[in-house]
Amino acid sequence: MPLILDSDGVYRCTVLKSQVWLDHGFGTATQNPLGDDPTASLKQIHSNIVCPVTHPGDRQSDGDGLVTDIPGLWVSIRTADCLPILLADPVKRVVAAVHAGWRGTVAEIVRIAVERMAREYGSRPKDLIATIGPGISRCCFEVGQEVAEHFSPTEIVPGKTNPKVDLKAANRRQLIEAGINLFRINISEECTMCTPGFHSYRRDRTAGRLVSGIRRRIGAE
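Attention in this report is confined to the structure presented alongside it. (Residues numbered from 1 in each chain as written. Predicted model: local features only at pLDDT ≥ 70, side-chain atom pairs only at ≥ 80, totals over all residues. Heavy atoms only, no water.)

### Considering the layout of surface pockets
The space that makes up the largest pocket amounts to roughly 510 Å³. Around the largest pocket, the lining is made up of 22 residues, and of these His-46, Ala-80, Asp-81, Cys-82 and Tyr-201 lie nearest the centre. Counting only elements with at least two residues in the lining of the largest pocket, the list comes to strand 7 (74-79), helix 2 (102-106) and helix 6 (201-204). Among the residues forming the lining of the largest pocket, the class breakdown is nine nonpolar, five polar and eight charged. (1 Å grid on protein atoms, 1.4 Å probe; cavity = no way out; pocket = protein on both sides within 12 Å on 5 of 7 lines; lining within 4 Å. Points joined across faces, edges and corners; volume = space filled by probe spheres on them. Helix = DSSP H or I, 4+ residues; strand = E, 2+ residues; numbered from the N terminus. Nonpolar A, V, L, I, M, F, W, Y, C, P; charged D, E, K, R; others polar.)

### Concerning a nonpolar patch on the surface
Taken together, the side chains of Ile-176, Leu-182 and Phe-183 present a nonpolar region at the surface, about 330 Å² in accessible area. Looking at the element boundaries, Ile-176 is found in helix 5 (residues 167-177). (Patch = residues over 30% accessible without salt bridge, like charges linked within 9 Å, V, L, I, M, F, W, Y side chains within 5 Å. Areas by Shrake-Rupley, 256 points an atom, 1.4 Å probe, with all protein chains shown as cover. Salt bridge = Lys/Arg side-chain N within 4 Å of Asp/Glu carboxyl O.)

### Examining unusual backbone geometry
One non-glycine residue, Arg-59, lies in positive phi territory at about 50 degrees. Using a relative accessible area of 47% as the deciding quantity, one classes Arg-59 as partly exposed. Even without being a glycine, Arg-93 presents a positive backbone phi close to 60 degrees. Its place among the elements puts Arg-93 in the loop between strand 8 (83-89) and strand 9 (94-100). (Buried < 20%, exposed > 50% of the residue type's maximum accessible area, 1.4 Å probe, protein only.)

### With respect to the nonpolar core
Within the largest apolar cluster, 34 residues are counted, with the highest numbers of intra-cluster contacts made by Ile-85, Leu-87, Leu-175 and Ile-180. Among the elements of the structure, strand 8, strand 9, helix 3 (109-121), strand 10 (129-132), helix 4 (145-148), helix 5 and strand 13 (185-187) are those that each provide at least two residues to this core. Ranked by the residues each element gives to this core, the list is headed by helix 3, at six residues. Among all residues touching Ile-85, those that are not within four sequence positions of it are Ala-96, Ala-97, Val-98, Ala-100, Val-110, Thr-131, Ile-132 and Asn-171. By size, the runner-up hydrophobic cluster in this structure holds 24 residues, among which are Leu-22, Leu-66, Val-75 and Ile-77. (Core = buried A, V, L, I, M, F, W, Y, C linked by side-chain atoms within 4.5 Å. Contact = heavy atoms within 4.5 Å.)

Functional significance is not addressed by these values, which are geometric in nature.
Structure follows, in structure tokens:
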């Protein structure tokens, strides 16, 4: 299911928005959906490390995924072509934010995030809702053969000179393999490289980053 750009200039998933117990948002080049509220973030290192958190703090650990059940605490990640992936468990009221570039995807960080939610909080994969946010899409993600060889043939399309990889399809596959129902996985249609309004490292070679996050609402038990 595609995302919707709301009146605040933030991309939302309608399925997540219908969950009255949580807030979420995928930011743009001009909008940060988190505001000044308590937020936890990581020093992102293109890994498959997923960290449970209980308190706010910027870059409080090395890793690329955060998970929590603490009300009011945003878990956030920053991207500029890599995929922001948000996970929510409506039963246990647990949320996670994942940064998945091609290295993290090859290392199966979304699968590890699902396993961490199960181990730490008792989440069942079949209960989870997953949303893959705006990131570089198959139309623009041209890579060398040494990168393409890590992906399934169905996740590779021909390019003018080099193959192109469909990171969104690769992460969808891993989410399904982790036990999440296909119909509970939502995927953004927006490509950060060719859609206006997003930071794209490949396009601009700048340090700008898009902020995305999710949190359990205070008082929404």
